[in-house]
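Letter by letter, the chains look like this.
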Amino acid sequence: MAKRIQEDTGSVADSMSEVRPLVARGVERAKEAAQALREINQGAEHTLDQIRAMAKVATEQAEAGHSVATNVASISQMVDASQASVSEVNGNVEALSALAHQLKDSVAKFRL
């Protein structure tokens, strides 16, 4: 029985010797996979930072675009107001011109 146990122990030791290089290779591959995952994670973090920066720029551009649109609308209102003022002044000039002609005609009657 002791001999059988010794044979089984020897067989197990031989099997372990055969498996040891495979386990070592598996451990090395696991380390390589862990390193690859760390690199992927770093790349993902970098990409996320870039996406956040682009989102911030897009938000700033949207705000600037809104500001420009507001200013254009304000300028349009000023142009409309100026046009109305010019039309009013034009009407007043025509009325003043007509009054000037009437005055001229009235003064011509009093000339000697």
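Please refer to the structure higher up on the page.
Below: a short report on this structure. The shown structure was predicted, so the numbers you read here are calculated from the model rather than taken from an experiment.

The helix and strand tally for the chain stands at one helix and zero strands. For the chain, buried positions account for 0% of its 112 residues. Of the roughly 10,100 Å² of accessible surface on the chain, a fraction of 61% belongs to carbon and sulfur atoms.

Before going further, it helps to spend a moment on a nonpolar patch on the surface. Residues Val 19, Leu 22, Val 23 and Val 27 make up a contiguous nonpolar surface patch of roughly 320 Å² in combined accessible area. Note on placement: Val 27 falls in helix α1 (residues 2-109). Look at Val 27 and you get partly exposed, because its relative accessible area is 41%.

Another point: the pattern of salt bridges. Within the structure shown, the criterion is met by one salt bridge. Across the salt bridge formed by Asp 49 and Arg 52, the nearest N and O atoms sit 4.0 Å from each other. Of this pair, Asp 49 and Arg 52 both sit in helix α1, three residues apart, roughly one helical turn. Assessed through its relative accessible area of 46%, Asp 49 is described here as partly exposed.

What counts and how
- Residues numbered from 1 in each chain as written.
- Predicted model: local features only at pLDDT ≥ 70, side-chain atom pairs only at ≥ 80, totals over all residues.
- Heavy atoms only, no water.
- Helix = DSSP H or I, 4+ residues; strand = E, 2+ residues; numbered from the N terminus.
- Buried < 20%, exposed > 50% of the residue type's maximum accessible area, 1.4 Å probe, protein only.
- Areas by Shrake-Rupley, 256 points an atom, 1.4 Å probe, with all protein chains shown as cover.
- Patch = residues over 30% accessible without salt bridge, like charges linked within 9 Å, V, L, I, M, F, W, Y side chains within 5 Å.
- Salt bridge = Lys/Arg side-chain N within 4 Å of Asp/Glu carboxyl O.

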